[in-house]
Amino acid sequence: MSAASDLTRRPHSSRGLADISATPAPAAPPARLTVLAGPTAVGKGTVSADVRDRYPQVWLSVSATTRAPRPGEVHGVHYLFVSPEEFDRMVAGGQMLEWAVVHGRNRYGTPRGPVDEHLAAGVPTLLEIDLQGARQVRESMPEAQFVFLAPPSFEELERRLVGRGTEDAEERERRLATARVELAAEAEFDVTIVNDDVRRATDELVGFMGLAVGRNAQVGG
Ligand code: 5GP
């Protein structure tokens, strides 16, 4: 069976957005942790940035990373940019909910304290992390919900990876091989959202988090 035909299966996405938004929210819903993961180049970062822009009622966890900031990235907003020594210290101090080496290079991790604090305060919390990290969170916080962001097809994923133009042919092949393995992890997740359109995917994610979905979403909207 080809990867593309695998992608036509959406066994756990039958729960429609309409069903979710039709469910009245309890007066004081307990905040729940949602984990968004998916293969490389699927657009996790774009979807989570859209959540940050349009749904300020969701708190997006700020990961620590040892990689250097890219132009426009702000310490404390996009990442906590830390030295390898500082990252070591955070891991040794038990401060990471999860962490992983991503793409064989830099380390990324979720600081545990802010996640616990936001959940305790009743704030819906979203982690955008890689698959290794998602598996660690499943071990330590099985009550979290796990969302797999999928490309419309493997061919589309390939097109996005090529279109990005940031990797040479060898690196692209390496990432595509990784993506094939990563796509096979879909069945481990509670729900799949297909990233065919960023706003639609964001709205589906936010709806799955139990929040009201709106065209111009506002706080409490
Ligand atoms: P980038 O360097 O392009 O911002 O992110 C590279 C990868 O790191 C993405 O796949 C992203 O999901 C992942 N990532 C970002 N933050 C974390 C984190 O805190 N933990 C883990 N495990 N992966 C992360």
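Computed from a prediction, not measured in an experiment: that's the story for all the values here.

### Concerning the pattern of salt bridges
Counted by the stated rule, this structure contains twelve salt bridges. Its salt-bridge partner being Arg 135, residue Glu 188 comes within 2.8 Å of it at the nearest N-O pair. With Glu 188 in the loop between helix H8 (169–183) and strand S9 (191–194) and Arg 135 in helix H6 (residues 131–140), this pair connects stretches of sequence that are 53 residues apart. Given the relative accessible area of 36%, Glu 188 is considered partly exposed. With its nearest N and O atoms 2.6 Å apart, the salt bridge here joins Glu 204 to Arg 200. Separated by four residues within a single helix, Glu 204 and Arg 200 lie in helix H9 (residues 198–208), roughly one turn from each other. Judged by its relative accessible area of 16%, Glu 204 is buried. Looking at Arg 200, the relative accessible area reads 32%, which means it is partly exposed. It is possible to trace a salt-bridge network through shared partners that takes in Asp 50, Arg 54 and Asp 203.

### Quick notes on the sheet that holds strand S4 (residues 80–81)
With mixed pairing, the four strands of this open sheet are ordered in space as S4-S3-S6-S5. A single partner strand is all that each edge strand has here, and the edge strands are S4 and strand S5 (96–102). As paired strands, S5 and strand S6 (residues 106–111) are joined by six bridges and run antiparallel to one another. Along S6, the bridge assignment pairs Met 96 with Pro 111. Strands S5 and S6 of the sheet are contacted by helix H5 (residues 112–120), whose axis makes an angle of about 30° with S6.

### Digging into unusual backbone geometry
Positive phi is not limited to glycine here, since Ala 41 has a value of about 70°. Locating Ala 41 in the fold gives a position in the loop between strand S1 (33–37) and helix H3 (44–54). Judged by relative accessible area, which is 16%, Ala 41 ranks as buried.

### As for the side chain of Thr 192
Examined against the element boundaries, Thr 192 turns out to sit in strand S9. Judged by its relative accessible area of 1%, Thr 192 falls in the buried class.

### Some thoughts on the side chain of Ser 48
Inspection of the secondary structure assignment puts Ser 48 in helix H3. Taking the relative accessible area as the measure of exposure, Ser 48 reaches 4% and is therefore buried. A polar contact is formed between the side chain of Ser 48 and the backbone oxygen of Gly 45, at a distance of 3.2 Å. Here Glu 128 takes part through its side chain, which lies 3.5 Å from a polar atom of the side chain of Ser 48. Once residues lying within four places of it in the same chain are set aside, the contact partners of Ser 48 are Leu 60 and Glu 128.

### Some points on the pairing of strand S8 (residues 145–150)
Burial analysis of S8 places six of its six residues in the buried class, the great majority of the element. Covered by surrounding structure in S8 are Gln 145, Val 147 and Leu 149 together with Phe 146, Phe 148 and Ala 150, the residues of both alternating faces. As defined by bridge partners, S1 adjoins S8 across four bridges and the pair is classed as parallel. Paired with Val 35 across the strands is Phe 146, a residue of S8. Bridge count between S8 and S9: four bridges; the pairing is parallel. Pairing of Phe 148 across the sheet is with Thr 192, part of S9.

### A look at the site of the ligand
Neighbouring residues of the ligand: 15 residues in total, closest Ser 63, Arg 67, Tyr 79, Tyr 108 and Glu 128. The side chain of Ser 63 places a nitrogen or oxygen atom 2.6 Å from an oxygen atom of the ligand. In this structure, Glu 98 approaches the ligand through a side-chain N or O atom, which is 2.7 Å from a nitrogen atom. For the ligand, whose free accessible area comes to 510 Å², the fraction covered by protein is 88%. Of the residues in the shell around the ligand, the class split is five nonpolar, four polar and six charged.

What counts, and where the lines are drawn
- Residues numbered from 1 in each chain as written.
- Predicted model: local features only at pLDDT ≥ 70, side-chain atom pairs only at ≥ 80, totals over all residues.
- Heavy atoms only, no water.
- Salt bridge = Lys/Arg side-chain N within 4 Å of Asp/Glu carboxyl O.
- Helix = DSSP H or I, 4+ residues; strand = E, 2+ residues; numbered from the N terminus.
- Buried < 20%, exposed > 50% of the residue type's maximum accessible area, 1.4 Å probe, protein only.
- Pairing = 2+ DSSP bridges.
- Contact = heavy atoms within 4.5 Å.
- Axes fitted to C-alpha atoms, helices over the stretch in contact; angles between N-to-C directions.
- Polar contact = N/O pair within 3.5 Å; in protein donor to acceptor, adjacent residues only side chain to side chain.
- Near = heavy atom within 4 Å.
- Areas by Shrake-Rupley, 256 points an atom, 1.4 Å probe, with all protein chains shown as cover.
- Nonpolar A, V, L, I, M, F, W, Y, C, P; charged D, E, K, R; others polar.

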